[in-house]
Amino acid sequence: MSEQSPVEKIKIASKGLRGTLKESLQDNYTGAVREDDTQLMKFHGMYQQDDRDRREERSMKKLEWLYSFMLRLRLPGGFLTPEQWIAMHHVAGEHSTGTIKITTRQTVQLHGILKSHIKPTMQSFNLAGLDSIATCGDVNRNVCCTSNPGESPVHDEVFQFASKISEMAKPKTRAWYEIWIGEEKIGEKVEEDPLYKDRYLPRKLKVGIAVPPNNDVDIFINDIALIAIIENNKLIGFNLAAGGGLGATHGNPNTYARLATVLGFVENDEEKILKAVYETITVQRDYGNRSDRKLSRLKYTIDKLGVDKYREEIEKRCGFKLEPAKPFEFTERQDRYGWVEDHKGNWHYTAFIENGRVLDGEGIDLKSCLYKIAEAGKCNFRFTANQNVILTDIKDKDKAAIETLLNEYGLIEHTDKAGALRKNAIACVAFNTCPLALAEAQRYLPTLISKIEPILEKHSMINDDIILRMTGCPNGCGRSPNAEIGFVGTAYGKYNLHIGGDRLGQRLNTKYKESLNEEQILDTLDGLFGVYQKEKKENETFGDFSYRKWIL
Ligand code: SRM
Ligand code: SF4
């Protein structure tokens, strides 16, 4: 048997994810935490980072890098009350850079939290009924769910599963409460955790739930995916899929992006559905690779075991068989911007937040606007997996007041005037905080889009809903491998261009050109769009055309 990865040893020795975090926090000589604790912190929802824009300057001055921490909240299905929004607004202002970053998994991250500010941050969130448990680390992460549960009673019913799965797969250790909130530890014994035991999972694990026909959560990129099957407006159960994941490493052919494979159907029986998800996790726990972390996601386990063996193993552990998968169809993936009325007569407004960055300035005071709306207390907040915000559950009588605030701050105009390409685009964080970034993403994509738009105009494609995404490295956080046009950073200012993914998130794209600079990107797209306009079939999307023309 190959040697276990160092992280495996850290987990086992951690005493229920406690490690020496308390001691690390008390060490005032450094802004960092001890090396092993950087791994354990992830299970508590935090990453140690440094300001990469200032690395060189700090090194020249012989100063320690400017360490700080990124914190990610646990928000199954991406829901916040207005009171929680207000709390988050204040925490962001007092303890982080101030920017609220909506992520591609329907939650928020705060960056730049100094070590001495971590405890107050956690305590404020705890008071607001929020936590960051298991949003990172080798555990189940934030559970995603189709964004707008108010849309139909079925959406509501499905949404409940996001919280139930999140709760079921939450680590049993009380370490988060002890270290950050000050809860007293009772005795020396470490809590039993039947799901995670003392080794947790071989790697991160992601669960998503989609309600067709909308694939807004990009369901097939999840390790475990539930696709709601609806007949006569009733939820009859879920198709269970497994093995999605987008991360890869440049130059390592053993790593690859993969879409989840549908394994079968489970009827609408809560116990059975939760059991099926639970045992899909335990198979990965027991068979996943624990020596090479590059090959340890569920997607590699399912390919190593074979789909049939993985399914059999789930069935054996569940004590029931998965039924044959039911047919389903996705017809859209975009967020539904603007106002939507639901079956109860309540209103929901989806606002465009470019790359999920909620801050003031840059042409619009988004943060103040959303704060004022939260203060009014007339709506809840939901995040979409496309990094946007939905103001939800607005009573008909309150709609006008919300609309007035939206207009006062220009958010309706901001949403309406953004072009189709921009509205459908995603970029990951990348510089200046992501330690793995090779190139810019969220700080650069808006500018690049402004340069692509005239080319689209020239080819009469400006209203085309093309899905374009950019990531600063091949890890795929902005889901670039699952876009019609994907940019993947290779070095500062250089990107691989991937094309041929479909519009609905059911076919990955393929690398078409390597390490292009901006000029080459614009020239290449100009050429591709020209051919597409000339040769496409009626209603053929850019993704489908490029696949047929240049990839097949
Ligand atoms: Fe991610 C690592 C940001 C969604 C695949 N991701 C990271 C880290 C934590 C870098 C690190 O390990 O130190 C990034 C922090 C940057 C920063 O400064 O904030 C990071 N990932 C993000 C977010 C914030 C991107 C965004 O702009 O929204 C997303 C947070 C999601 C959340 O709320 O939980 C985010 N990451 C994703 C997704 C997309 C998704 O899940 O829908 C993926 C592709 C799907 C998948 O998991 O395969 C993704 N992130 C990765 C990977 C590659 C994992 C792999 O299997 O190889 C890494 C690197 C790793 O784990 O070693 C990574
Ligand atoms: Fe960082 Fe790469 Fe993820 Fe972008 S894709 S946030 S650069 S790890």
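Think of each chain on its own: its residues are numbered from 1, step by step along the sequence as written. The naming scheme follows written order: chains are lettered A onward, ligands numbered 1 onward. For a predicted model such as this one, the threshold for reporting local features is a pLDDT of at least 70, and the threshold for listing and counting side-chain atom pairs is 80 or more; totals across whole chains, interfaces and linings nevertheless cover every residue. Remark: hydrogens and water are excluded; side-chain values derive from all non-hydrogen atoms of the structure.

Caption draft 1: Examining the pattern of salt bridges more closely. Every case where a carboxyl oxygen of Asp or Glu lies within 4 Å of a side-chain nitrogen of Lys or Arg is listed as a salt bridge. With the rule as written, the count across this model stands at 47 salt bridges. Notably, a salt bridge pairs Lys344 with Asp156, separated by 3.6 Å at the nearest N-O pair. With Lys344 in the loop between strand E11 (338-341) and strand E12 (347-351) and Asp156 in helix H7 (residues 153-168), the pair connects residues that are 188 residues apart, well separated along the chain. With a 1.4 Å probe rolled over the protein chains alone, any residue whose accessible area is under 20% of its type maximum counts as buried; one over 50% counts as exposed, and the rest are partly exposed. A relative accessible area of 24% means that Asp156 is categorised as partly exposed. Starting at the N terminus, helices and strands are each numbered in turn, a helix being any DSSP run of H or I of at least four residues and a strand any DSSP run of E of at least two.

Caption draft 2: Structural view of the packing of H7 against helix H9 (residues 270-287). Axes here mean lines fitted to C-alpha atoms, for a helix over just the part in contact, with angles spanning 0 to 180 degrees between N-to-C directions. Axis separation between H7 and H9 bottoms out at 11 Å; the angle between their running directions is 50°. With respect to each other, H7 and H9 are oriented oblique. With respect to the hand of their crossing, H7 and H9 are arranged in right-handed fashion. Contacts from Phe161, Lys164, Ile165 and Met168 in H7 reach Glu270, Ile273, Leu274, Val277 and Tyr278 in H9. Of the residues contributing to the contact of H7 with H9, the split by class is 7 nonpolar, no polar and 2 charged. Note that the term roughly parallel is reserved for angles under 35 degrees, roughly antiparallel for angles over 145, roughly perpendicular for angles of 65 to 115, and oblique for everything else. Note: crossing handedness is left-handed where the near helix turns anticlockwise from the far helix by less than a right angle, and right-handed where it turns clockwise. In this analysis, two residues are considered to be in contact whenever any of their non-hydrogen atoms come within 4.5 Å of each other. Residues are grouped as follows: Ala, Val, Leu, Ile, Met, Phe, Trp, Tyr, Cys and Pro are nonpolar; Asp, Glu, Lys and Arg are charged; every other residue, Gly included, is polar.

Caption draft 3: Structural context of the coordination of the iron atom of ligand 1. Donor atoms: N, O and S within 2.8 Å of the metal, or within 3.2 Å for Na, K and Ca. Because water is excluded, sites can look incomplete. For the iron atom of ligand 1, the protein supplies a single donor, Cys477 (SG), at a distance of 2.3 Å. On the secondary structure map, Cys477 appears in the loop between strand E17 (468-471) and strand E18 (485-491).

Caption draft 4: Spatial organisation of the domain arrangement of the protein. When its domains are assigned, the protein resolves into domain 1 (6-318) and domain 2 (423-551). Spacing between the C-alpha centres of domain 1 and domain 2 amounts to 28 Å. If you look at the interface, domain 1 gives 22 residues, while domain 2 gives 31 residues. Across the domain 1/domain 2 interface, buried area totals approximately 2000 Å², and carbon plus sulfur atoms make up 50% of it. The interface formed by domain 1 and domain 2 contains 3 salt bridges. Two residues, Arg469 and Asp218, come together in a salt bridge whose shortest N-O distance is 2.7 Å. Polar contact is the term for a pair of N or O atoms within 3.5 Å; when the atoms are in protein, one must be able to donate a hydrogen and the other to accept it, and sequence-neighboring residues count only if both atoms are side-chain atoms. On inspection of domain 1 and its partner domain 2, the count reaches 15 residue pairs in polar contact (both at pLDDT 80 or more). Elements supplying a minimum of two residues to the side of domain 1 that touches domain 2: strand E1 (46-50) and strand E5 (108-113). Residue composition of the side of domain 1 that touches domain 2, grouped by class: 6 nonpolar, 8 polar and 8 charged. Each domain's extent is set by a domain assignment, obtained either automatically or from a database. Buried surface area refers to the total accessible area, computed with a probe of radius 1.4 Å, that the two partners give up upon joining, counted for both partners together.

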